[in-house]
Amino acid sequence: MVSKRNKVLHGAALAMLGGFIAPMGQQAIADELGETSVRADGTSVHVMNLKDVDISVLIDDVSAITGHTFVVHPSVRGRVSVSSQTPLTNREVFQVFLSTLRVHGFTAIPSRGGVYKIVPEQSASAEAGLARPSVGGDQFETAVIRLRNFDATEAAKMIKPITNPQGQLTASGESNTLIVVDYAANISRVRKVVAQIDEDQSETLTIALTNMSATEMANTVNSMKSTGRGSAGFKVTATAVESNNSLIVKGDIKDVAEVHEIVRNLDVANREDDASLKVLSLKHSEAKDIAPILEMMGQRLAEQARPGANASSVPKIAIYEPTNSLVVSASPMVLRQLERVVEELDQRRSQVLVEAIIVELSDNAARELGLEFVLSGSGSSATPFAATNFTRSTTNVLSLAGALALDSDTVGEETVSSLRSAAISSLLGSAGGLLGIGGQSSDGTIFGAIINAVDSDITSNVLSTPHLLTMDNEKASITVGQEVPITTGEALGTNNSNPFRTVERKPLGVTLEVEPQIGEGDSIKLNLRQEVSSIFDSIDGTDFITNNREINTTILADDGEIVVLGGLIQEEETLNISKVPLLGDIPGVGRLFSSEGTTKKRTNLMVFLKPTIVRDAETMQRATDQKYRYIRQEQMSASRSERAGLDVFMKEVLGVDTEE
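Residues numbered from 1 in each chain as written. Predicted model: local features only at pLDDT ≥ 70, side-chain atom pairs only at ≥ 80, totals over all residues. Heavy atoms only, no water.

As a reminder, the rule being used: UniProt positions are given in the numbering used here, feature names are shortened, and annotations may be inferred rather than shown by experiment.
The name given to the chain in an unreviewed UniProt entry is General secretion pathway protein D, with Hirschia baltica as the source organism. The annotation that UniProt attaches to the chain under Sequence similarities (unreviewed entry) is "Belongs to the bacterial secretin family. GSP D subfamily." Here the chain is described in UniProt, under the heading Subcellular location (unreviewed entry), as follows: "Cell outer membrane".

### Concerning a nonpolar patch on the surface
Condition: Put simply, a patch holds well-exposed residues, over 30% relative accessible area, that have no salt bridge, with like charges counted together within 9 Å and Val, Leu, Ile, Met, Phe, Trp or Tyr side chains within 5 Å. Areas reported here follow the Shrake-Rupley algorithm with a probe of radius 1.4 Å; residue values treat only the protein chains shown as occluding. Definition used for salt bridges: Asp or Glu carboxyl oxygen within 4 Å of a side-chain nitrogen of Lys or Arg. Secondary structure elements are taken from DSSP: a helix is a run of H or I of four residues or more, a strand is a run of E of two residues or more, and numbering for both begins at the N terminus. Summary of the burial criterion: residues with accessible area below 20% of their type's maximum are buried, those above 50% are exposed, and those between are partly exposed, where the area comes from a 1.4 Å probe applied to protein chains only.
Where nonpolar side chains cluster on the molecular surface, the patch consists of L583, I586, V589 and L592 and spans about 300 Å² of accessible area. With respect to the secondary-structure elements, V589 resides in the loop between β28 (563-579) and β29 (594-614). On the basis of relative accessibility, which here comes to 41%, the residue V589 falls in the partly exposed class.

### Considering the confidence of the model for the chain
In plain terms, the rule: The pLDDT score gives, residue by residue, the confidence of the prediction method on a 0 to 100 scale. Only heavy atoms enter the contact rule, under which two residues are in contact if any of them lie within 4.5 Å.
When pLDDT is averaged across the chain, the result is 77; 77% of the residues are at 70 or more. Counting contacts from residues 1-35, a segment whose pLDDT is below 50, to residues more than four positions away or on other chains yields 66 contacts.

### Observations regarding helix α3 (residues 90-103)
Quick note on the threshold: One fewer than the residue count of a helix, multiplied by 1.5 Å, yields its expected span. Note that the arc is computed from the directions linking the helix axis to the C-beta atoms.
With 14 residues, α3 extends 20 Å between its outermost C-alpha atoms, agreeing within 8% with the 20 Å of an ideal straight helix rising 1.5 Å per residue. Of all the residues in α3, the buried ones are V93, F94, F97, L98, T100 and L101. Down the axis of α3, the buried set is contained in an arc of 160 degrees. They therefore lie on one face. Across α3 from its buried face, at more than 90 degrees, point the exposed residues R91 and V103. Against the buried residues of α3 lie β5 (47-54), α2 (55-66), β6 (69-72), β7 (79-83), β8 (106-110) and β9 (115-120).

### Quick notes on the pattern of salt bridges
Considering all chains together, one arrives at 14 salt bridges under this definition. A salt bridge links D522 to R615; its shortest N-O distance comes to 2.8 Å. Placement of the pair is D522 in the loop between β25 (500-518) and β26 (523-539) and R615 in the loop between β29 and α14 (617-639), with a sequence separation of 93 residues. Here D522 falls in the partly exposed class, since its relative accessible area comes to 28%. For E550, the salt bridge is made with R529, and the minimal N-O distance between the two is 2.9 Å. Pair noted here: E550 is in strand β27 (residues 543-558) and R529 is in strand β26, with a separation of 21 residues, a long-range link. Look at the salt bridges and you will find they share partners, linking E513, R529, E531 and E550 into a network.

### Let's talk about the packing of aromatic side chains
For the record, the criterion: Aromatic rings from Phe, Tyr and Trp, with only the six-membered ring used for Trp, were paired whenever their centres fell within 6.5 Å, and each pair was classed as stacked if the ring planes differed by under 30 degrees, edge-to-face if by over 60, and tilted otherwise.
Counted under the stated rule, the structure contains five aromatic pairs. Between the aromatic rings of F70 and F94, the centroid separation amounts to 6.5 Å while the plane-to-plane angle is 20 degrees, which identifies the pairing as stacked. With F70 in strand β6 and F94 in helix α3, this residue pair connects regions lying 24 residues apart in the sequence. Here F70 matches F94 in class, with each residue buried.

### Here we look at the sheet that holds β25
The test is simple: For two strands to pair, DSSP has to find at least two bridges joining them. Lines are fitted to the C-alpha atoms to define the axes, a helix being fitted only along its stretch in contact, and any angle between axes, read from their N-to-C directions, falls within 0 to 180 degrees.
What the four strands build is an open sheet, ordered β24-β25-β26-β27; its pairing is antiparallel. Only two strands of the sheet have a single partner each, and these edge strands are β24 (476-491) and β27. Each strand of the sheet is rotated relative to its neighbour by a mean of 20 degrees, with strand direction disregarded. Bridge count for β24 against β25 is 15 bridges, and the pairing is antiparallel. Paired with E483 across the two strands is P507, which belongs to β25.

### Description of the side chain of S350
With respect to the secondary-structure elements, S350 resides in the loop between α10 (332-345) and β19 (351-376). Every residue in contact with S350, bar those within four places of it in the chain, is listed here: M471, D472, I518, I613, V614 and R615.

### Side note on the nonpolar core
Here is a general trend for soluble globular proteins: nonpolar side chains tend to be buried in one another's company. Spelled out, the test is: Each nonpolar core is a collection of buried residues, namely Ala, Val, Leu, Ile, Met, Phe, Trp, Tyr and Cys, held together in the definition by side-chain atoms within 4.5 Å.
Ranked by size, the top nonpolar core spans 23 residues in total, and within it V354, L526, L528, I555, L565 and L609 carry the most contacts. Mapped by element, the contributors of at least two residues to this core are β19, β25, β26, β27, β28 and β29. With 22 residues, the next largest nonpolar core counts V62, V76, L98 and F106 among its residues.

### Observations concerning the environment of T574
Counting through the fold element by element, T574 comes out in strand β28. A residue is classified by how much of its surface remains accessible, and T574, at 44% relative accessible area, is partly exposed. Residues T574 and K601, spaced 27 residues apart in sequence, show a C-alpha to C-alpha distance of 8.6 Å. The contact partners of T574, leaving out residues within four places of it in the chain, are G597, T598 and T599.

### Examining helix α5 (residues 152-159)
Note the cut-off: Two N or O atoms form a polar contact when they lie within 3.5 Å of each other; inside protein one atom must be a possible hydrogen donor and the other a possible acceptor, and for residues adjacent in sequence the pair counts only when both atoms belong to side chains.
Buried within α5 we find A152, A155, A156 and I159. An end-on view of α5 places all buried positions within 105 degrees of arc, on one side of the element. Turning to α5, the residues buried within the fold contact β11 (168-172), β12 (177-183) and α6 (184-197). A side-chain oxygen of the first residue of α5 lies 3.3 Å from the backbone nitrogen of T153; this N-cap is D151.

### Notes on the sheet that holds strand β16 (residues 276-281)
Here three strands make up an open sheet; going across it, the order is β16-β18-β17 and the pairing antiparallel. The strands lining the two open edges of the sheet, one partner per strand, are β16 and β17 (316-320). This sheet shows a mean twist of 15 degrees between the axes of neighbouring strands, independent of strand direction. Contacts between α10 and the sheet are confined to β16 and β18 (325-330), with β16 contributing the most and set at about 10 degrees to the helix.

### Notes on the environment of L280
By the element assignment, L280 lies in strand β16. In the structure, L280 is positioned 39 residues away from I319 in sequence and 9.9 Å away in space, judged by C-alpha atoms. The residues contacting L280, other than those within four sequence positions of it, are N324, S325, L326, V328, E339 and V342.

Spelled out as C-alpha cells, the structure:
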C-alpha cells in the first residue's frame, strides 16, 4: 500500500530554482518533492534533474527521500547540478548525494542515531569514524592496517601519493601499523596496495650440521647480518637448534642461498685429527662433580657412534681446579653433546631461607597453707612433748623453738649454736607470709606455733627465631646455646685409690637442621630437625635435669608460606596434703594438724616455619635488608642513640655506608 502526501511549497521552490525530480515508472504519486514512481515490487525510484540549485535544497530533498538527518556546517555553501537519466532507488540517491558533496569539497560524516554531519573535507579527517562495511565509497572513514612483513614507515611513503590530500596517513613503528583517514573507496584501494607490499618474500631453510656446533655457526652467520638500509651484509637471521645440531636460516631468498653455501664450506671435518679439544669453564657447579658424569656419558656416546671402538676413541676429561674448568678431548659429535650436558647441569642453583619461630608460654601457680606447733615440758613441768613438722613447709618450728628456749648451760654451747644456725637458715629460706607465737611458761613449759601462707605465680614467654640460608638440596644447621658437662660414670680403685669420673659435654640451646628441595610450582620439600633444650634443675650440684623439645619431620610447603610444625599444650595440677593421722581428719580442727599445697602448671609450645626461595640477587638483598633493619633498630633502641653501632662498624671496617 502506498500512502499519498499533500504537495507543499517546497515543490514550487524547486520549480523556481529550475530543478525538479520527475516521476518514472508505472505509477506516480505526488509528494513534497514532486512525483515519485513506485515499481510493481513496491520500490520507490526517482529521476534527479537539478540544475544550478542551492546545495541546501539538495540536502533537504535527499533528507526527505532517505529519511536521514543532516547537520550542516556553516561553511557548506554553493550551487550544484545533478542529472540522472535512469530511475534511482533511495540508496542510489544517497550515493549520488555523497558523490556530489565530494565534487564540491564536502563530505558526510556518520554520527550516532542515524545523524550525518556535512563538513568540509579539511575538517573531515578529525571526525571520521572507524571503517564499517555499511559506509559508502564517498564517505570519510578511519582504517587501521597492520603489516606483518613490511616496515610500516616505508609503506607509508609508498602509498602517500594515492591518498586524498585532505586525508591523513600515519605510521606507527612500534606496532608496525598504518592509520589511514580517507574516503572509503580510497581506503579500499590502499588496503589492496598494502596487501601486495606486505607479502612475505623471505625463505626459511633448515641446515643440518655434521662437524661444527650449531650455536657457533649461528653466531658466525648472525655476525654477517646487514645492520641497516644500505649497509653491507646479508638480510638473514640464523637460529641454532642444539637438540639435533641444526641451523634455521630465514631471510631474503638470494641471501639465504649464499649463506647456505658459506655454511657448507665451514662445516667440514678436521682432516688432521678426528679429536677436538675444548676447555669448558663452569660458572656454578664444581668441576670435580661434573667430571664423573661426563666420563660415563662420553663412553656411552663413543660406543653409540662407533660400535666396537677401542679405548683411544673414548673422550678424555681432565679437571683444572684453580679455574674450575674441564678440559675435554673427544670427537666433534661427542664433544657437542657433552657441551650440551654441561650447559644443562651448570645452572645457578636456587637457595632457600628457612626461618623458624618457636613460641613457649608457661604459667606456674602455687598456693600453700600450713600450721606447725611444738609443746614440751622442761624442768618441773609435767607437760608431754608434742610437735608437728611438715616437709613442704620451709620453716622448721623445732629449730626455732630450740634456739629460743634452750641455753648453753643446759644442753651445751655446741648444741645451741647448731640450733640457732638451723633456725636462721629456716627463716632465710622461707617464702610467703609467716605468723608465729612462742615462749616458755613459768613452770618451764615450752610452746610455739607458726602459720606459713604462700601464693606464687610465675609466667614466662620464650620466643626464639633461628633462621639460616642454604642451597637447594644441601644440608645446613645452626646451633645457638652452651655445652654443659654431664657426668656419665664414676669409678673408685682399690682402697679408694685412683678415683676418676667420666664427663660428656652436651650442647643445650636451639638447634635447626634442614635440607630443602625445591619442586614444581615453587613448592619446597623440607627434611628438618628442630630442637630446643635447657637446664631444668640440678642434682647434688653435679648432675642436671634438662628440658628437651625436638621435632624430626619432612614437610611440603609453598614459597613464603608459614606452616606449623608441631606443638604441645600441657596442663598439670598437683595437690599435696601433709597431716597428722586421725587428728588431721577432724572437721574444722583438722586444719591445725595439716599442711596443704596446690601447684598448677600450664605450658603452650608451638613451632612455626617459613621457607623462602631465593633465586636472584634482588630477593637476597630484600631478605638481608629486612634482617639488617631489624637488628639496627634494636641497637638504636637499646643504646637510645640516633645511630646504631652496626652502622659505624660497617662504615669503618667494611667501608660500606648503610645510611645512604
